[in-house]
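One-letter residues, chain by chain:
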Amino acid sequence: MTAGSFLFLRNYEKRDKTKTRFRTFTNKIDTKEFKTKLESLLESDKIFLDIDCSEEMIAGRLGLTYHQLSELINIEYQFNFPTLLNLYKIKEAKRILIEKPELNVATVGKLSGFGSRSAFYLEFKKQCGVNPNQFRKSSSHHTKDKS
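Each value, and the rule that gives it
Position labels on residues start from 1 in each chain and follow its written sequence. This being a predicted model, a pLDDT of at least 70 is required before a residue's local features are given, and a value of 80 or more before pairs of side-chain atoms are given or counted; all residues contribute to the totals for chains, interfaces and linings. The side-chain values count all of the structure's non-hydrogen atoms but skip hydrogen atoms and water molecules. For the purposes of this entry, the term helix denotes a DSSP run of H or I that reaches at least four residues, the term strand denotes a run of E that reaches at least two, and both are numbered from the N terminus. Burial classification: accessible surface area is computed with a 1.4 Å probe over protein chains only, and a residue below 20% of its type maximum counts as buried, one above 50% as exposed, and the rest as partly exposed. Contact between two residues is taken to exist if any of their heavy atoms lie within 4.5 Å; hydrogens are not considered. Where accessible areas are quoted, they stem from the Shrake-Rupley method and a 1.4 Å probe; at the residue level, only the protein chains shown are allowed to cover. The span expected for a helix works out to 1.5 Å for each residue beyond the first. We define a salt bridge as a contact between a side-chain nitrogen of Lys or Arg and a carboxyl oxygen of Asp or Glu at a distance within 4 Å. Per-residue confidence from the prediction method is given by pLDDT, with values spanning 0 to 100. Geometry of aromatic contacts follows a simple scheme: Phe, Tyr and Trp rings, the Trp one being its six-membered ring, pair when their centres are within 6.5 Å, and the pair is stacked under 30 degrees between planes, edge-to-face over 60, tilted otherwise. Look at NZ for Lys and CZ for Arg. If either is within 6 Å of the ring centre and within 35 degrees of the ring normal, a charge sits over the ring.

(A) Representation of the overall build of the protein. On a plain count of helices and strands, the protein comes out with eight helices and zero strands. In the protein, the succession of helices and strands from N to C terminus is α-α-α-α-α-α-α-α. Relative to its full complement of 147 residues, the protein shows a buried share of 32%. Partitioning the contacts of the protein with sequence separation of at least 6, the portion at a separation of at least 24 is 57%. For the protein, the exposed surface amounts to about 9,900 Å²; the carbon and sulfur share of it is 55%.

Now the structure itself:
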């Protein structure tokens, strides 16, 4: 009995851990339909601007469980919920930076859904490669050139 247990554990540890896990929560729903609904909440309703926006809240609005939404995002977008929200927040911030040059950058961060100036700067630099002020300056040159 002991030798059998040892062999089982040894084989279990050698298992290929690179294989992805099976879809467990999303195989019961129409992922395309819910992806479309999720994108509508993010693009049209701009739900990410709500201070109380959370994965649980969005799951409830979609009629999904937290786990179904989490898996849907992981499978369809290849990243997690906070990353998805931050993509939309930075997209909104870029729009505001260009359309409202009179606003200071901290205000733009708040208006685009970030809780702090530092979180906004870090995420903006991560996604865009430049800080919000640099983005605004380079965008204003492009806008003037097109006029």
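(B) Up close: helix α4 (residues 66-77). Compared with the 16 Å implied by 1.5 Å per residue over 12 residues, the 16 Å span of α4 between its first and last C-alpha is a close match. For α4, the set of buried residues is Q68, L69, E71, L72, I73, E76 and Y77. The secondary structure elements touched by the buried residues of α4 are α2 (31-43), α3 (55-62) and α5 (81-99). Positive backbone phi, approximately 70°, marks Q78, located one or two places after α4.

(C) Examining the pattern of salt bridges more closely. Enumeration according to the criterion identifies seven salt bridges in this entry. A salt bridge links E76 to K35, with the shortest nitrogen-to-oxygen separation between them at 3.8 Å. Placement of the pair is E76 in helix α4 and K35 in helix α2, with a sequence separation of 41 residues. E92 serves as the salt-bridge partner of R95, at 2.6 Å between the closest nitrogen and oxygen. Of this pair, R95 and E92 both sit in helix α5, three residues apart, roughly one helical turn. Assessed through its relative accessible area of 7%, E92 is described here as buried.

(D) Region of the structure containing the confidence of the model for the protein. Of all residues in the protein, 77% attain a pLDDT of 70 or more, and the chain-wide mean is 85. Across residues 15-20, confidence stays below pLDDT 50; counting only partners more than four residues off in sequence or on other chains, it has zero contacts.

(E) Quick look at unusual backbone geometry. In this structure, K46 is a non-glycine residue whose phi angle is positive, near 50°. Mapping K46 onto the fold places it in the loop between α2 and α3. Look at K46 and you get partly exposed, because its relative accessible area is 26%. With a phi close to 70°, Q78 is a non-glycine residue in the positive phi region.

(F) A look at the packing of aromatic side chains. By the definition in use, this model includes six aromatic pairs. Ring pairing ties together the aromatic residues F114, F120, Y121, F124 and F135, which thus form one cluster. Just above the ring of Y77 sits the side chain of K35; from NZ or CZ to the centre is 5.1 Å. The side chain of K89 reaches across the aromatic face of F114, ending 5.3 Å from its centre.

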